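Coordinate analysis (summary)
What follows is each chain in one-letter form.
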Amino acid sequence: MRVLLVGGGGREHALALGLAGDPAVEALVAAPGNPGIGEVASLREVTPTDPAAVAALAVEVAADLVVIGPEAPLVAGVADAVRAKGIAVFGPSAQAARLEGSKTFAKDVMTAAGVPTARAYTCEDAAAVARALDEFGAPYVVKDDGLAAGKGVVVTDDRAAAERHAAECGRVVIEEYLSGPEVSLFVVTDGEAAVPLLPAQDFKRVGDGDTGPNTGGMGAYAPLPWAPPNLVDDVMRDVVHPTLAELRDRGTPFAGLLYVGLAITPSGPRVIEFNARFGDPETQVVLALLETPLGGLLHAAATGTLGAHPPLRWRDGAAVTVVVAAEGYPAGPRTGDVITGADRAGIIHAGTRRDADGTLRSAGGRVLCGTATGPDLAAARDAAYELVREVELAGSHHRTDIAAGAVEGRITIPG
Ligand code: AMP
């Protein structure tokens, strides 16, 4: 199988490692990729959000499967353009990707499908914003309606800050606050059959103790020792299958990766958000534990044959990833700084570039992450932090408490 992987962040580096490790994958091309991905794939230039350009590249490299990492190409219709060339693609159509691209569309699908989620209003002016904030009370949850790379959401007790964010965004979704630990569940689907991966937890806030602004994600771990034993089965039954059925009924089946972001509330799991692709950095930990060859799994989902795929196999133990971010991230990351100590197994590249002389430099807000597995969560955590300690990047910062609560048994479901 010849595979073209679209994207160039940490998630795509993790996908590239998984695909390169699949004996059925005889050639792996990544576009645009990054220096880490370049170690296991040949790199090509492409604008990932240009449907015609990606489809042409898929034809040129004779891809049997195209795997689309990020959300923006999906929302732009890249999967549709590749499919129109008769090439199998892992990633939903633009219509189905609206599950991520529009919070309002996602709420509409959830309501129609009876999926448990926060009550919400879409608001377009200050009066509607004020009414919704009054109804729900603090903490206030205000979300930009469109794609915002995980940074369009403000959760705050400060009414003025909530109103300010709403005014800046224009069209927003204001919703009820959900309390309880968060879970990311990835589901591989061909639109009908659906296979859950291991649940993971990520850390959205920039600072230790969940302080500071939201980011794209500062770290993750899997599996979740504190999760209720029936969590995955319940979410498949109450969330995933009804959502997939609703999208089939609308004539826009969802094939690809359905990311279910949940809060485990006192009344059970509630959907915080859907995404239409693998999450970053949870992918790094989930794929580190997946033993089943990745290319075959994604190909089955892309070709409507997932129902015949054998059950997944997982490695024992746990995985932890810790993101190293550039100075100023998330507000205004500084780039171009020299990175040393990163050329080792377990370092996943996210925002890096290499000079002609081989010098590695930062090229994005989330620069790289240290990903490690171990016989248990504590061992995996120690190993991930050991990797991060070896990396030198001026001004960089990382959270020191990734997976700490789970290791110390401090995560509880309220109520
Ligand atoms: P989203 O982009 O929708 O995933 O939101 C980003 C983060 O904001 C989530 O991971 C949560 O930590 C928080 N969040 C979003 N919606 C809610 C909600 N209804 N209640 C509590 N926290 C939320």
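Residue positions are given per chain, counting from 1 as you read along its sequence in written order. Confidence filtering applies because this is a predicted model: local features only for residues at pLDDT of at least 70, side-chain atom pairs given and counted only at 80 or more, and all residues used for totals across whole chains, interfaces and linings. By convention in this description, side-chain values take in all heavy atoms of the structure and omit both hydrogens and water.

Under the scheme applied here, a residue whose accessible area is under 20% of the maximum for its type counts as buried, over 50% as exposed, and between as partly exposed, the area being computed with a 1.4 Å probe on protein chains only. Numbering of helices and strands starts at the N terminus; helices are DSSP runs of H or I of at least 4 residues and strands are runs of E of at least 2. Counting buried positions over the eight residues of helix 10 (residues 282–289) gives seven, a clear majority of the element. Among the residues of helix 10, Glu-282, Thr-283, Gln-284, Val-285, Val-286, Leu-287 and Leu-289 are the ones counted as buried.

Here we come to unusual backbone geometry. Ala-222 connects to Pro-223 through a cis peptide bond whose omega is -10°. Following Tyr-329, the chain continues to Pro-330 via a peptide bond in cis, the omega torsion being 5°. Relative to the helices and strands, Pro-330 resides in the loop between strand 18 (318–325) and strand 19 (338–340). For Asp-210, which is not glycine, the phi torsion reads 55° and is therefore positive. One can find Asp-210 in the loop between strand 13 (205–207) and strand 14 (211–214). Despite not being glycine, Ala-403 shows a phi value in the positive range, around 70°. With respect to the helices and strands, Ala-403 occurs in the loop between strand 24 (392–393) and helix 13 (404–407).

Glancing now at the packing of helix 6 (residues 103–113) against helix 9 (residues 231–249). Two numbers describe how helix 6 lies on helix 9: the axes approach to 9 Å, and their chain directions differ by 105°. Put simply, helix 6 runs roughly perpendicular to helix 9. From helix 6, Phe-105, Val-109, Ala-112 and Ala-113 reach across to helix 9, where they touch Pro-242, Thr-243, Glu-246 and Leu-247. Looking at the contact of helix 6 with helix 9 residue by residue, the class counts come to six nonpolar, one polar and one charged. Axis lines are fitted through C-alpha atoms, for helices just across the contact stretch, and the angle between N-to-C directions can take any value from 0 to 180 degrees. Any angle that falls under 35 degrees is termed roughly parallel, while one over 145 is termed roughly antiparallel, one within 65 to 115 roughly perpendicular, and all others oblique. Contacts are assigned to residue pairs that have any heavy atoms within 4.5 Å of one another. Note on residue classes: Ala, Val, Leu, Ile, Met, Phe, Trp, Tyr, Cys and Pro are nonpolar, Asp, Glu, Lys and Arg are charged, and everything else, Gly too, is polar.

When you line up the elements, Thr-252 lands in the loop between helix 9 and strand 16 (256–265). Residue Thr-252 is classed as buried on the basis of its relative accessible area of 15%. Separated by 160 residues in the primary sequence, Thr-252 and Pro-92 place their C-alpha atoms 9.1 Å from one another. Beyond its immediate sequence surroundings of up to four residues, Thr-252 is in contact with Gln-95, Ala-96 and Leu-247.

Okay, the site of the ligand next. Near is defined per residue: the residue qualifies when any heavy atom it owns lies within 4 Å of the molecule or strand. With respect to spatial proximity, 14 residues lie near the ligand, and among them Glu-175, Glu-176, Leu-178, Glu-182 and Glu-273 are the closest. Think of a polar contact as two N or O atoms within 3.5 Å of one another; within protein, one of them needs to be a possible hydrogen donor and the other a possible acceptor, and neighboring residues in sequence only count if both atoms come from side chains. Between an oxygen atom of the ligand and a side-chain N or O atom of Glu-182, the distance comes to 2.4 Å. Lys-204 places a polar side-chain atom, nitrogen or oxygen, 3.2 Å from an oxygen atom of the ligand. In isolation the ligand offers 470 Å² of accessible surface; the protein chains occlude 93% of this area. Within the residue set of the shell around the ligand, elements represented by two or more residues are strand 7 (140–144), strand 8 (153–156) and strand 17 (268–275). Across the shell around the ligand, the residue classes break down as six nonpolar, one polar and seven charged. Here, Shrake-Rupley sampling with a 1.4 Å probe gives the accessible areas, and only protein chains in the shown set may cover a residue.

Moving on to the sheet that holds strand 11 (residues 194–196). Think of it this way: DSSP has to see at least two bridges between two strands before they count as a pair. Across the sheet, which stays open at both edges, the four strands sit in the order 11-10-16-17 with antiparallel pairing between neighbours. In the strand order of this sheet, the two ends are held by strand 11 and strand 17, each with one partner. Taking each pair of neighbouring strands and ignoring which way they run, the sheet shows an average axis angle of 35°. In the sheet, strand 10 (residues 182–189) pairs with strand 11 via three bridges, with the strands oriented antiparallel. Bridge assignment links Thr-189 to a residue of strand 11, and that residue is Ala-194. The sheet strands contacting helix 9 are strand 10, strand 11, strand 16 and strand 17, and the helix crosses strand 16 at an angle near 125°.

With that settled, consider the pairing of strand 17. Working note: regular strand, side chains alternate between the two faces of the sheet. Note: strand 16 against strand 17, seven bridges, orientation antiparallel. Residue pairing across strands places Thr-265 opposite Gly-268, the latter belonging to strand 17. The turn linking strand 16 back onto strand 17 is made up of two residues.

For the rest of this paragraph, the subject is the nonpolar core. By size, the foremost hydrophobic cluster in this structure holds 76 residues, and its most contacted members are Leu-4, Val-66 and Val-260. Of all the elements, helix 9 adds the most residues to this core, at seven residues. Counting residues in hydrophobic clusters, the runner-up holds 40 residues, among them Leu-19, Val-25, Ala-30 and Leu-289. To define a nonpolar core, start from buried Ala, Val, Leu, Ile, Met, Phe, Trp, Tyr and Cys residues and group those joined through side-chain atoms within 4.5 Å.

So, on to the side chain of Glu-273. Mapping Glu-273 onto the fold places it in strand 17. For Glu-273, a relative accessible area of 15% gives the class buried. A distance of 3.4 Å separates the side chain of Glu-273 from the side chain of Asn-275, its partner in a polar contact. The contacts of Glu-273, once residues within four sequence positions are left out, are Lys-103, Lys-204, Tyr-259, Val-260 and Gly-261.

How far a helix is expected to stretch is found by multiplying one less than its residue total by 1.5 Å. Its 19 residues place the ends of helix 9 26 Å apart at the C-alpha level, agreeing with the 27 Å of an ideal helix rising 1.5 Å per residue. The angle separating two fitted axes, one through the seven residues that finish at a residue and one through the seven that start at it, defines the bend at that residue. The principal kink in helix 9, of about 35°, is found at Arg-237. Within helix 9, burial applies to Leu-231, Asp-234, Val-235, Met-236, Val-239, Val-240, Thr-243, Leu-244, Glu-246 and Leu-247. Next to the buried residues of helix 9 lie helix 5 (94–101), helix 6, strand 10, strand 11, strand 16 and strand 17.

This brings us to the packing of aromatic side chains. Two aromatic rings, drawn from Phe, Tyr or Trp (for Trp, its six-membered ring), form a pair once their centres lie within 6.5 Å of each other, and the interplanar angle then sorts them: stacked below 30 degrees, edge-to-face above 60, tilted otherwise. Tallied over the entire structure, the rule returns five aromatic pairs. Judged by centre distance (5.4 Å) and plane angle (40°), the ring pair of Phe-186 and Tyr-259 falls under tilted. Remark: Tyr-259 occurs in strand 16 and Phe-186 occurs in strand 10; sequence separation between them is 73 residues. Residue Phe-186 is classed as buried on the basis of its relative accessible area of 1%. We classify Tyr-259 as buried; its relative accessible area is 3%. An aromatic cluster is built from Phe-90, Phe-186, Tyr-259 and Phe-278, whose rings are joined through pairwise contacts. Only lysine NZ and arginine CZ atoms are considered, and such an atom sits over a ring when it is within 6 Å of the ring centre and within 35 degrees of the ring normal. Above the plane of the ring of Phe-105 lies Arg-98, whose end atom (NZ or CZ) is 4.0 Å from the centre.

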